[in-house]
Amino acid sequence: MATRGIDFANLSLKDALDLAILIEDEAQERYEDFAAQMDQHRTPEAAKFFRYMVENEAKHGRELTARRLQLFGDAPRSVTPAMIFDVEAPDFDAARAFMTPRKAMEAALASEVKAHAFFVAALPALKDVQVRALFEELREEELEHQHLVQIELAKLPPESGLSEEDFVDEPAPQ
Amino acid sequence: MSATGTCEYQPKDYKSDLKPIWCPGCGDFSVVQGIYRALAAIGRPPHEIAFVSGIGCSSRIPGYTTAYGFNSVHGRALPIAQGIKMANPELTVLAAGGDGDGFSIGGGHIAHLIRRNMDITYIVMDNQIYGLTKGQLSPTSQKGRVTCTSRFGSLEEPVNPLLYVLAYGAGFVAQASPTDLVGMAATIEEAIRYPGFAFVNIQSPCVTYGEEAQQIKGLKAISETLASLGHNPADRLAAMDLAQHYGEKLHLGVFYRNPEPPPTYGDLVKERQALLSKDAPPKERILDLFIKK
Ligand SMILES: Cc1ncc(C[n+]2csc(CCOP(=O)(O)OP(=O)(O)O)c2C)c(N)n1
Ligand code: SF4
Ligand SMILES: [Mg+2]
């Protein structure tokens, strides 16, 4: 998780909202990629959970976008997707072929924890009162997201005892 | 479009619809993300970029971008990339592949692109193994490494890719890894911007056949940015000194950037063509030269 070229001290409310939208977009895209990887590697249960996360991230993104439109209309965006690196998106190496739904949920939980840590770490640098309030709100939402994943985790039956190591993934020959 | 009316590209614009078939967790997923970001920062439209690779898991990478791509022949990414650059010098040309592709079968090509200073960026996804063919020794595998082709441990010293290209005189030499995504994207961007042959070695873990120490956690434990060491990238000898630690330490960033890049092969050819074409007859009369009066 990292950022590039963001001046947190001088972040405007518009930039902060745009950043939050980009963070949701990035996470949504990563979960879509993970779901596609699970489809490809015949791991449908994990794919299903990752698609649930795609929906969650998309919903949050839509809410933030509506707010941005209401406050700033279509004023040009000055932050770019190239400024954020896996803030809420699970790390690219968090997926494994044949991962169990539990492992998939644990990966999502770790990303929510990571996103929460990002907002906590960014707060001291923020000067604008409205931006601070937004980041505090986003920080609290990450806690809620963690709670949602924990609820899904609690619904799971006990693990079978099999791990990914019990399967061999076969890269395609060429 | 931006407010100023110029086209701005986003990382997504370089992502193709093809879904990678790499093993989930493979380090190459991070490399392709780094490339999307670097290309977005440079901002050339995808159709002005040619991306050539050899054969291997890593060599699938051009297909996952929207640039013109060629997943070519094992070990032959560089000569093909060179041909493309000479035929159409306006293109931004990238070449990529694995440690096997680049330093075994294709090892002989590197020297020639370096001595010509071909304006090409060469990205090697170094996982110290032949991934695609299921885990045989590669030229960068450590001595003692047990694989299906070295049951009792490898007897050979690994190739040091960094020293290899520095010794041949490459003008831009860098190393990156998924342990630092920001650094990786910035390094790839800088390599593409360098006017000449630029080499980026990326430690990209193979989660299926790689060893524990070569996974993200292991890499994090030995990584250190060159900037934090106060390294001056204009100092080639200091770069060579640091490059000797390949395999024990993971130094990230730019080892060497020639502060006065020499002309590229493309520049020299253009100059030569201009010189020779001064006294040349007009194109429409070329045939006359061959027709005896
Ligand atoms: C001429 C030729 N020789 C051998 C092969 C078999 N082969 C395919 S990929 C490969 C090596 C792959 O290792 P590397 O280049 O490190 O890429 P990775 O899969 O690790 O990314 C080999 C030997 C081939 N395809 N063509
Ligand atoms: S075999 Fe290794 S290098 Fe190839 S896709 Fe799988 S993890 Fe990546
Ligand atoms: Mg390899």
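Residues numbered from 1 in each chain as written. Chains lettered and ligands numbered in written order. Predicted model: local features only at pLDDT ≥ 70, side-chain atom pairs only at ≥ 80, totals over all residues. Heavy atoms only, no water.

A. Representation of the overall build of chain B in the model. Secondary structure summary: chain B contains nine helices and eight strands in total. For a compact globule of 293 residues, the expected C-alpha radius of gyration is about 19 Å, and chain B comes in at 20 Å, within 12% of that figure. In terms of principal-axis extent, the alpha carbons of chain B reach across some 75 × 50 × 40 Å. Counting only residues that meet the buried cut, chain B has 52% of its 293 residues in that class. If you take every contact in chain B between residues at least 6 apart in sequence, the share linking residues at least 24 apart comes to 70%. For chain B, the accessible area works out to roughly 13,600 Å², and carbon and sulfur atoms hold 56% of it. Across chain B, 27 positive and 27 negative side-chain charges occur, with their mean positions spaced 6 Å apart. (Helix = DSSP H or I, 4+ residues; strand = E, 2+ residues; numbered from the N terminus. Rg over C-alpha atoms; globule rule 2.2 N^0.38 Å. Buried < 20%, exposed > 50% of the residue type's maximum accessible area, 1.4 Å probe, protein only. Contact = heavy atoms within 4.5 Å. Areas by Shrake-Rupley, 256 points an atom, 1.4 Å probe, with all protein chains shown as cover. Lys, Arg positive; Asp, Glu negative; His and termini not counted. Charge placed at Lys NZ, Arg CZ, Asp CG, Glu CD.)

B. Highlighting the coordination of the magnesium ion (ligand 3). Residues and elements named next belong to chain B. The magnesium ion (ligand 3) binds to the protein through Asp99 (OD), Asn127 (OD1) and Ile129 (O), with metal-donor distances spanning 2.1 to 2.2 Å. Between consecutive donor residues of the magnesium ion (ligand 3), the sequence gaps follow D-x27-N-x1-I. Of this pair, aspartate 99 sits in helix 3 (residues 99–105) while isoleucine 129 sits in the loop between strand 4 (120–126) and helix 5 (161–168), placing them 30 residues apart in sequence. Considered together, aspartate 99 and isoleucine 129 belong to a single accessibility category, that of buried residues. (Donors = N, O, S within 2.8 Å, 3.2 Å for Na, K, Ca; no water.)

C. View of the site of ligand 1. Residues and elements named next belong to chain B. Surveying the vicinity of ligand 1 reveals 16 residues, the closest of which are Cys57, Ser58, Asp99, Gly100 and Asp101. Take serine 58: an N or O atom from its side chain is 2.7 Å from an oxygen atom of ligand 1. Contact distances for ligand 1 include 2.9 Å between an oxygen atom and a backbone N or O atom of glycine 100. Within the complex, the protein chains bury 76% of what would otherwise be the 590 Å² of accessible surface of ligand 1. Per element, the largest residue contribution to the shell around ligand 1 is four residues, and it comes from helix 3. Split by residue class, the shell around ligand 1 holds six nonpolar, eight polar and two charged. (Near = heavy atom within 4 Å. Polar contact = N/O pair within 3.5 Å; in protein donor to acceptor, adjacent residues only side chain to side chain. Nonpolar A, V, L, I, M, F, W, Y, C, P; charged D, E, K, R; others polar.)

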